[in-house]
Amino acid sequence: MATNYEGAVRAGTLAAARAHSELGTRNIVESSGGNVDIFGVISGLELPLMLRPLKGLLGAYLDDPVPGIIITTERRMSIQRFTAAHEFGHFWMKHQPSLDDEGILRRMPNSPEPTGLFQETEADAFAIGFMMPKWLILGHAVRQGWQKSQFRRPDIVYQLSLRLGASYEATCRTLVRYSLIDVATMDTLLASKPRAQKVALLSGYVPADYRGDVWLLTVADAGTRIEGSRDDIFVVQLAEHSGGGYVWDFDQLVASGFVIAADHRAALDPDGVGGPVVRRITASVDAADRGRVSLEERRPWQPAPPASALTFEFDMTGPEPAGLSRADRRRFLEAA
Ligand SMILES: [Zn+2]
């Protein structure tokens, strides 16, 4: 166990890197193009985990009679995921049992540790290193074509946070930890709330509330895995060569249970006639569950191959429900 804050951050970060290499999770995440499936990792190790409404706590790590984890159902999936990674960090680093409240989300160098040890700092550093490793942030940046300088933009950091499965705030703090932004930039980013990004992306469409996240999906998301929640909304933005008679076909999205709430076209070049346009649809999750969807840009009257396509996997069944995690439910179903 570390005896000071800096040592604890180092120990937690190293333990997370070791966990990725021992568990083979880096390969899985990089090939799926998604986030770190912490509940899947815990399920794979058959470490008992329960979700239940908790008052004043986000989660707990217990070790009597056997190691186990409890996570609240009262928070969004990004917080459930971070908490699960924190509790998993306690398990992985052979810590003492821990009851964890909101303090785990904003631990500072001077945060008091009840035990006088630094196991909470270690578990937080583990959670950051495991859920938001630098290679994963850089991987998403390469895929999306984001430059380091664009991490100053709240809209970019918000979209990054969705792809990491992390909260916007945790993402901002982690960018500082990796020196991808400075503290002043983080403060500016934190002053901008995700709700503003949601309103801007929805451009006039008003959902029942703004609790859900709004994903901006483009061809850069081809081949990735979108892990969302039931109240999330997709904004799909694609170039459409309508002058050549091509239109994007969203039938598969509708067949998968999504509902198209808005559908717009805007000219890419306002002076050009017959040039490509930007097709932008807004879709709510409605009955969508998990699966794979393939959107195709084609000439509606021709059976010819599509001009372009956007295929991605999705799981919109978050957040984790009470009882067993979704990963455990799948594992038990497969074993049955
Ligand atoms: Zn803890």
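Residues numbered from 1 in each chain as written. Predicted model: local features only at pLDDT ≥ 70, side-chain atom pairs only at ≥ 80, totals over all residues. Heavy atoms only, no water.

The strand order β1-β3-β2-β4 describes an open sheet built from 4 strands, whose pairing is mixed. Two strands close off the open sheet at either side, each with one partner strand: β1 (49–52) and β4 (98–100). Across the sheet, the mean angle separating the axes of adjacent strands is 10° when strand polarity is ignored. Both β1 and strand β3 (residues 68–72) contribute to a ladder of 4 bridges, which runs parallel. Directly across from Leu49, in β3, lies its bridge partner Ile69. Against the sheet, helix α4 (residues 77–92) contacts β1, β2 (59–62), β3 and β4, and its axis sits at roughly 160° relative to β3. (Pairing = 2+ DSSP bridges. Helix = DSSP H or I, 4+ residues; strand = E, 2+ residues; numbered from the N terminus. Axes fitted to C-alpha atoms, helices over the stretch in contact; angles between N-to-C directions. Contact = heavy atoms within 4.5 Å.)

This part takes up the coordination of the zinc ion. Only His86 (NE2), His90 (NE2), Ser98 (OG), Asp100 (OD), Asp100 (OD) and Glu120 (OE) from the protein coordinate the zinc ion, and they sit 2.0 to 2.7 Å from it. Each of the 6 donor atoms bound to the zinc ion contributes to angles spanning 55 to 168°, and the resulting shape is irregular. All donors to the zinc ion come from one chain, and their sequence spacing reads H-x3-H-x7-S-x1-D-x19-E. One end of the pair, His86, and the other, His90, are both in helix α4, 4 residues apart, so they sit about a helical turn from each other. (Donors = N, O, S within 2.8 Å, 3.2 Å for Na, K, Ca; no water. Tetrahedral: all angles 85-135°; square planar, octahedral: opposite > 155°, others 65-115°.)

This part is about the domain arrangement of the protein chain. Here the domain parsing of the protein chain yields domain 1 (5–131), domain 2 (135–192) and domain 3 (205–318). The C-alpha centroid of domain 3 is placed 24 Å from the C-alpha centroid of domain 2. Taken together, the 6 residues of domain 2 in the interface contact 10 residues of domain 3. Summed over both partners, the interface of domain 2 with domain 3 buries about 680 Å², with 45% contributed by carbon and sulfur atoms. Considering only the surface of domain 2 that becomes buried against domain 3, Arg143, Leu162 and Arg163 emerge as the three largest contributors, covering 61% of it. Applying the counting criterion to the domain 2 and domain 3 interface returns 1 salt bridge. Residue Asp221 is joined to Arg163 by a salt bridge in which the shortest nitrogen-to-oxygen separation is 3.0 Å. Where the side of domain 2 that touches domain 3 is concerned, the elements lending two or more residues are α6 (134–144) and α7 (154–164). Residue composition of the side of domain 2 that touches domain 3, by class: 2 nonpolar, 2 polar and 2 charged. (Domains from an automatic or database assignment. Buried area = accessible area lost by both parts, 1.4 Å probe. Salt bridge = Lys/Arg side-chain N within 4 Å of Asp/Glu carboxyl O. Nonpolar A, V, L, I, M, F, W, Y, C, P; charged D, E, K, R; others polar.)

It is worth spelling out the sheet that holds strand β10 (residues 277–284) at this point. Ordered in space as β5-β7-β10-β9, the 4 strands form an open sheet in which the pairing is mixed. Across the chains shown, the open sheet's two edge strands, defined by having one partner strand only, are β5 (214–217) and β9 (259–267). For this sheet the average axis-to-axis angle between neighbouring strands, irrespective of direction, equals 15°. Most of the contacts of helix α10 (residues 194–202) go to β5, to which it runs at about 50°, and overall it touches β5, β7 (233–240) and β10.

The next subject is the environment of Ala170. For Ala170, the location among the structural elements is in helix α8 (residues 168–177). Residue classification places Ala170 among the buried positions, given a relative accessible area of 18%. (Buried < 20%, exposed > 50% of the residue type's maximum accessible area, 1.4 Å probe, protein only.)

Turning our attention to the nonpolar core. Counting residues in hydrophobic clusters, the biggest one holds 81 residues, and the most contacted among them are Phe88, Phe130, Phe151, Phe234 and Phe312. In contact with Phe312, other than residues within four places in its own chain, are Leu217, Asp221, Gly223, Thr224, Ile226, Phe234, Leu253, Gly291, Arg292, Val293 and Leu295. Counting 6 residues, the second largest nonpolar core, distinct from the first, contains Tyr5, Val9, Phe118 and Ala125. (Core = buried A, V, L, I, M, F, W, Y, C linked by side-chain atoms within 4.5 Å.)

Where α6 contacts α7, the axes come no closer than 10 Å and their chain directions differ by 120°. On the basis of their axis angle, the class for α6 and α7 is oblique. In this structure, α6 meets α7 at a crossing whose hand is right-handed. Of α7, the residues touching α6 (which contributes Leu136, Ile137, His140 and Gln144) are Leu160, Arg163 and Leu164. When grouped by side-chain class, the residues that make up the contact of α6 with α7 number 4 nonpolar, 2 polar and 1 charged. (Parallel < 35°, antiparallel > 145°, perpendicular 65-115°, else oblique. Left-handed = near helix turned anticlockwise from the far one by under 90°.)

We now examine the pairing of strand β11 (residues 290–298). Two strands pair when backbone bridges link them, and strand β8 (residues 247–249) and β11 are joined in this way by 3 bridges, in the antiparallel orientation. Across the sheet, Val247 pairs through a bridge with Arg298, a residue of β11. Bridge count between β11 and strand β12 (residues 308–318): 8 bridges; the pairing is antiparallel. Residue pairing in the sheet places Arg290 in a bridge with Asp315 of β12.

We now examine the packing of aromatic side chains. Applying the stated criterion across every chain yields a total of 8 aromatic pairs. Taken together, a centroid distance of 6.0 Å and an interplanar angle of 75° make the contact between Phe234 and Phe312 edge-to-face. In this pair, Phe234 is assigned in strand β7 and Phe312 in strand β12, connecting sequence segments 78 residues apart. Phe312 carries the same exposure label as Phe234, and that label is buried. Ring-pair connections join several aromatic residues into one group, and the members of that group are Phe88, Phe91, Trp92, Phe126 and Phe130. (Phe/Tyr/Trp six-rings, centres within 6.5 Å; stacked < 30°, edge-to-face > 60°.)

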